[in-house]
Amino acid sequence: MVTLRTFGRFILDTLRLLAKGNRAYYAWVGFLLVLVAAGAWAYVGQLNQGLIATHMRDQVSWGFYIGNFTFLVGVAAASIMLVIPAYIYDWEPIKEITILGEMLAISALIMCLGFVMVDIGRPDRFWHIMPFVGRLNWPQSLLAWDVLVLNGYLLLNWFVVTYLLYCAYTERHYVKKLVLPLVLLSIPLAVSIHTVTAYLYNGLAARPFWNSAILAPKFLASAFCSGPAILLILLQILRKTTKLRITDEAIFKVAELMAYTMGFNLFLTAAEAFKEFYSNTEHVVYSQYLYFGLKGHTTLVPFAWASVACGLAAFLLFLIPRTRKNWITLNIGCVLIYSSVYIEKGMGLIIPGLTPDTLGEIYQYRPSLTEVLVAAGIFALGFLLFTFMLKAAVPMMLGEFTHRKGRSDARSPEVPASLPTH
Amino acid sequence: MTADLNPRKPHESCDCEGEGSRRAFLGTAVAAVAGALTGCGKISHEEFLQHNFRELSKEEVNDVIARLEREYREKYGRDVHVGNEPPMPGVIFGYALDLSRCIGCRRCVHACVKENNQSRDPEIQWIRVLQLDKEEGVDLRHADQYYNPEEVPQEGHFYMPVQCQQCKKPPCVKVCPVGATWREKDGIVVVDYNWCIGCRYCMAACPYGARHFNWGEPHVPSAEVNPETHYLGNRPRPKGVVEKCTFCVQRTRKGLYPACVEICPTGSRKFGNLLDPKSEIRYVLENKRVFKFKEDLNTQPNFFYFYGV
Amino acid sequence: MSSSVAKTFHPCAWVLGALLAVSPMAVRAQASPPKGEETSTPEGIQVPKPPFSDGIFPCTSCHDGKSMKVNPKPRQLTDMHQDIVLNHGPASRWCLDCHDAADRDKLHLVSGEKIDFTVSYRLCGQCHGDKYRDWRVGVHGKRTGHWNGAKEYLLCVNCHNPHSPHFKPLKPMPPPVPPQSIQAVKGGAR
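What counts and what doesn't
- Residues numbered from 1 in each chain as written.
- Chains lettered and ligands numbered in written order.
- Predicted model: local features only at pLDDT ≥ 70, side-chain atom pairs only at ≥ 80, totals over all residues.
- Helix = DSSP H or I, 4+ residues; strand = E, 2+ residues; numbered from the N terminus.
- Buried ≥ 20, exposed ≤ 12 C-beta atoms within 10 Å, placed from the backbone.
- Contact = placed C-beta atoms within 7 Å.
- Rg over C-alpha atoms; globule rule 2.2 N^0.38 Å.
- Domains from an automatic or database assignment.
- Nonpolar A, V, L, I, M, F, W, Y, C, P; charged D, E, K, R; others polar.
- Core = buried A, V, L, I, M, F, W, Y, C linked by C-beta atoms within 7 Å.
- Pairing = 2+ DSSP bridges.
- Axes fitted to C-alpha atoms, helices over the stretch in contact; angles between N-to-C directions.
- Parallel < 35°, antiparallel > 145°, perpendicular 65-115°, else oblique.
- Left-handed = near helix turned anticlockwise from the far one by under 90°.
- pLDDT = per-residue confidence, 0-100.
- Expected span 1.5 Å × (residues − 1).

**What about the overall build of chain B?**
Counting its regular elements, chain B contains 9 helices and 12 strands. Buried residues in chain B amount to 53% of all 309 residues. The contacts in chain B between residues at least 6 apart in sequence include a share of 64% that link residues at least 24 apart.

So, in structure tokens, the structure goes:
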């Protein structure tokens, strides 16, 4: 029975789980806290001075913060790369670990919200964007849609994760009728968060680089091939450090799916390049700035080609079964894909969209120290949140930590009675 | 028409005692936290709680204006009048700029800065003059805003000032997530500086680079403050909000020409009521060959460029 | 309406006057009418008084028809008015094409009709008809005042020196600060 008392103990016990750990855990958490502190200090400076502490100016009015936001929305959407095979195709090897994808989504979404908060000029007016309390310009503004779907997806994932862990904690079976529809709902919601974010850029006629019909499919393709990269690395770590049962099969399957989405992403990139350079209208200046530089301004060029090269290499590594099933090349592939999409969705999307600006001016934007520190702080916050969630969730998933066995050490040598699957 | 998810009618605004004091307490508490966090300790709880200008009752508007005038007096040591003139009925403003006559002297830019209380440091300018090549026409790949020769006009070049085009279909209004910017009945696209959250989506959406952001705390020397202001126009702005040309709403709604029109030494700028068949703007539209900047984007600007000779 | 116009006219004149006082405009061209010295033309257009050089008017104080004989031969002037550089149209153009030989206080049209300097635009309009028509409706040249009420025009000669009408170039006002140079003001925290 769901009683407030049991739930309260669930929270307290979770916190207790977070407070105890080995040296590596403390070192890692400590390191992240230092980064969070540095970010907070830089942010206070930005609040005092205003956004002039960044290097964004009228000509390039969105930069590092929004680039990271866009990338992380993709990471959040990537959890469905686990949900689809687990639930649509009823594939057991992945079912147990779907919750990890959802936790990753939660961390990514918190980071997204963090980047939005630090980017707006008046964070004290944040309540203006809340429906009914403020004034939300829905359905005209895509940002209004984004507010709704991002928070909706966050709430959904948060609820599912909390509910499943709570069931594991109270050693009860979760109610399938409650969970399954929500998990299935998360599929269109995940697609929608990234589609809405893509439309945010896509709908701007003023920015021809973004005003391309290919943008939304490209966003989804790059999200689905990059988000799971973190998960793959994480799954390997969890396999070694906990008793979580993750089969090789599951990992290789995810990698294979990533290969296909990466291939599609590369195809869309090629399609975009063809349209720009073959038609060769005035609008080619943006792609030209990105890949070849314009009037001697070449800041982005090495990054643009690095992104293409990494993406191509990762695609091949993941496609070829021999390299996909080799742990070294698999992990190299993960890093390569992550880097490739990070560049593509960050500086490879935001900056060329705004450079040259609407009156033809080229302002070369580079993040300032404030932006880098604040971003590091937000990333650290996300990683911290994810660490904490794992720290609490894994023992519960393994059945090692329940309201009965709650007081014992989370790393008890007991063999788990049942692995709560969902 | 925006779907207003907050269908609060002006007359429903709360002015009952109990809820007012509870709101005040909550507002103060939150404002204190927000103030401490954001380093903007000077935000009053009234300012923090103020709603979108379009939703305020007449009384609330008067309160807001009184509060603003008080704050400006404190800040600048001068009496600043904040007006709230509504649009004149039967008026839609139009603007025409003669590209054959503009010599790129930038007097309009600086007259605008003075009239509209734009920040001197960090510098904000609502008008940008582009130096273009005669041979290339209006081709932004050959545009230069930073020209600084000994004298203008320079051989082989013509000059095109760009400011807010007050579009009939403004992309900036469409994308604002909080409805802080809208198009008034006389065609002027305005910003509620007390509602804008500074997300800068409108700046990404504007094809003309007409919107500008207060990246830092704006600075206008007290002696240079123009004390005749409008709530939606040239009143001194705070940090972290977007601003732009408003066709000098504080002047035009009183029947005056915008400052840029008056200062132009070559008479390149023409302004008037599009609905008045005898206005000079209608004469230009009917007798000269006008074009709209970036017409293919279908923003339908009320700003027209023409070649008088 | 009139009281609000009166109230708002003052600051408008202030701003305009101040701006014109400080801006480095060429003296002759782009001059603005000194306030209060405007006349209404027969057509009802508000224009400033003709911008004569000091002491030059009335011309008949010298050209009284008695002390000087009228010499209608087109030539380079050597005794007086050498400061005037005539650069208006073809080389065959000279003073008496516009100035009336019999009455120097007037200009003359092609028809022979004599007109005052206060309506010199009628003379300009004979050759520059398209500019004249545009000027009449306010589309040519600078016009200040109210878009929905009283307006002040300038005479052609307020901006175009009739002897050398081509617009002189101006020194441009400073360019904008480029974005990379926009920094936080020291000690500018709120």
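Past the structure itself, the notes keep going.
**Details of the overall build of chain A**
Looking only at helices and strands, chain A has 16 helices and 0 strands in total. For chain A, whose C-alpha radius of gyration is 22 Å, the value lies close to the compact-globule estimate of 22 Å for 422 residues. The contacts of chain A with a sequence gap of at least 6 include a subset with a gap of at least 24, amounting to 76%.

**Regarding the domain arrangement of chain B**
Residues and elements named next belong to chain B. Domains assigned within chain B are domain 1 (15-83) and domain 2 (85-309). A C-alpha centroid distance of 30 Å is found between domain 1 and domain 2. In this assembly, 16 residues from domain 1 lie in contact with 16 residues from domain 2. Those elements that provide at least two residues to the side of domain 1 that touches domain 2 are α3 (58-76) and β1 (81-83). Among the elements that line the side of domain 1 that touches domain 2, the one with the most residues is α3, at 4 residues. Among the residues forming the side of domain 1 that touches domain 2, the class breakdown is 7 nonpolar, 5 polar and 4 charged.

**Concerning the interface of chain A and chain C**
Each partner contributes to the interface: chain A provides 8 residues, whereas chain C provides 6 residues. Within the side of chain A that touches chain C, the residues separate by chemical class into 3 nonpolar, 3 polar and 2 charged.

**As for the nonpolar core**
The biggest cluster of nonpolar side chains holds 220 residues, and the ones touching the most others in it are A:A76, A:L109, A:C112, A:I193, A:I337 and A:A393. When residues are assigned to domains, this core turns out to be shared by domain 1 (15-83) and domain 2 (85-309) of chain B, each giving three or more. Contact partners of A:L109, with chain neighbours within four places excluded, come to A:A76, A:L150, A:Y153 and A:L154. The next biggest cluster of nonpolar side chains, apart from the first, holds 12 residues, and it includes C:V47, C:L123, C:C124 and C:C159.

**Digging into the sheet that holds strand β10 (residues 269-273) of chain B**
The strands making up a sheet are joined through hydrogen bonds of the backbone, oriented either antiparallel or parallel. Residue and element names in this part refer to chain B. The strand order across the open sheet built from 4 strands is β10-β2-β12-β11, with neighbouring strands paired in mixed fashion. A single partner strand is all that each edge strand has here, and the edge strands are β10 and β11 (290-291). Packing of helix α9 (residues 280-287) onto the sheet brings it into contact with β2 (93-98), β10, β11 and β12 (303-306), and relative to β10 it is tilted by some 110 degrees.

**Let's talk about the packing of helix α6 (residues 98-119) of chain A against helix α9 (residues 215-241) of chain A**
All names here are of chain A. For the pair α6 and α9, the least separation of the axes is 11 Å and the interaxial angle reads 125 degrees. Considering the angle they form, α6 stands oblique to α9. Between α6 and α9 lies a crossing of right-handed hand. Between α6 and α9, the contacting residues are L100, G101 and L104 on the first element and I230, L231 and L234 on the second. Its residues assigned to classes, the contact of α6 with α9 shows 5 nonpolar, 1 polar and no charged.

**Remarks on the packing of helix α7 (residues 142-169) of chain A against helix α16 (residues 369-397) of chain A**
Residues and elements named next belong to chain A. Contact pair α7 / α16: the axes reach a minimum separation of 9 Å and the direction vectors enclose 50 degrees. The orientation of α7 relative to α16 falls into the category oblique. In terms of crossing hand, the pair formed by α7 and α16 is left-handed. Residues L165, A168 and Y169 of α7 lie in contact with α16, whose contacting residues are A393, M396 and M397. Among the residues making up the contact of α7 with α16, the classes are represented as 6 nonpolar, no polar and no charged.

**Quick look at the interface of chain A and chain B**
Counting from both sides, the interface comprises 45 residues of chain A and, opposite them, 50 residues of chain B. Looking at the side of chain A that touches chain B, the elements that each hand over two or more residues are α2 (23-49) and α7 of chain A. Of the residues in the side of chain A that touches chain B, the class split is 23 nonpolar, 12 polar and 10 charged.

**A closer look at the confidence of the model for chain B**
Residues and elements named next belong to chain B. Summarising the model, chain B shows a mean pLDDT of 90, and 86% of its residues fall at 70 or more. At the low end of the mean pLDDT range in chain B sits helix α1 (residues 17-38), at 56; at the high end sits strand β4 (residues 157-162), at 98. Note on residues 1-19: pLDDT under 50 across the span, and 24 contacts to partners over four residues away in sequence or across chains. Across the interface, the model reports ipTM at 0.91; the global pTM reads 0.87.

**Overview of the pairing of β10(B)**
Residues and elements named next belong to chain B. A large share of β10 lies buried, amounting to 5 of its 5 residues. As paired elements, β2 and β10 share 5 bridges and run antiparallel to each other. Counterpart to L97 in the pairing with β10 is R269.

**Let's talk about the environment of C:A102**
Here C:A102 lies in the loop between β2 (46-48) and β3 (107-108). Along the chain, C:A102 and C:S61 lie 41 residues apart, while their C-alpha atoms are 13 Å from each other.

**Concerning the confidence of the model for chain A**
Here chain A averages 90 in pLDDT, and 95% of its residues register 70 or above. For the stretch residues 409-422 of chain A, pLDDT sits under 50, and the model shows 28 contacts to residues farther than four places along the chain or on other chains.

**What about the pairing of β12(B)?**
All names here are of chain B. Here β12 shows two buried faces, one formed by F303 and Y305 and the other by F304 and F306. Relative to β12, β2 runs parallel, the two sharing 4 bridges. Bridging from a neighbouring strand, D98 pairs with F306 of β12.

**Some remarks on unusual backbone geometry**
Cis rather than trans, the peptide bond between A:W138 and A:P139 has omega equal to 5 degrees. Mapped onto the secondary structure, A:P139 falls in the loop between α6 and α7. Following B:D121, the chain continues to B:P122 via a peptide bond in cis, the omega torsion being 0 degrees. Residue placement: B:P122 occurs in the loop between α4 (107-115) and β3 (128-133). For B:R106, which is not glycine, the phi torsion reads 65 degrees and is therefore positive. Residue placement: B:R106 occurs in the loop between β2 and α4. On the neighbour-count criterion, B:R106 (23 C-beta atoms within 10 Å) is buried. Located in the positive-phi region is B:N117, a residue other than glycine, with phi close to 55 degrees.

**Some details on α7(A)**
Taking 1.5 Å of rise per residue, 28 residues should cover 40 Å, and α7(A) covers 40 Å from first to last C-alpha, within 8% of that figure. Looking at the residues trailing α7(A), positive phi occurs at A:E171, about 50 degrees.

**Focus on the environment of B:E262**
Structurally, B:E262 is set in helix α8 (residues 259-263). A C-alpha to C-alpha distance of 8.5 Å links B:E262 and B:C108, two positions 154 residues apart in sequence.

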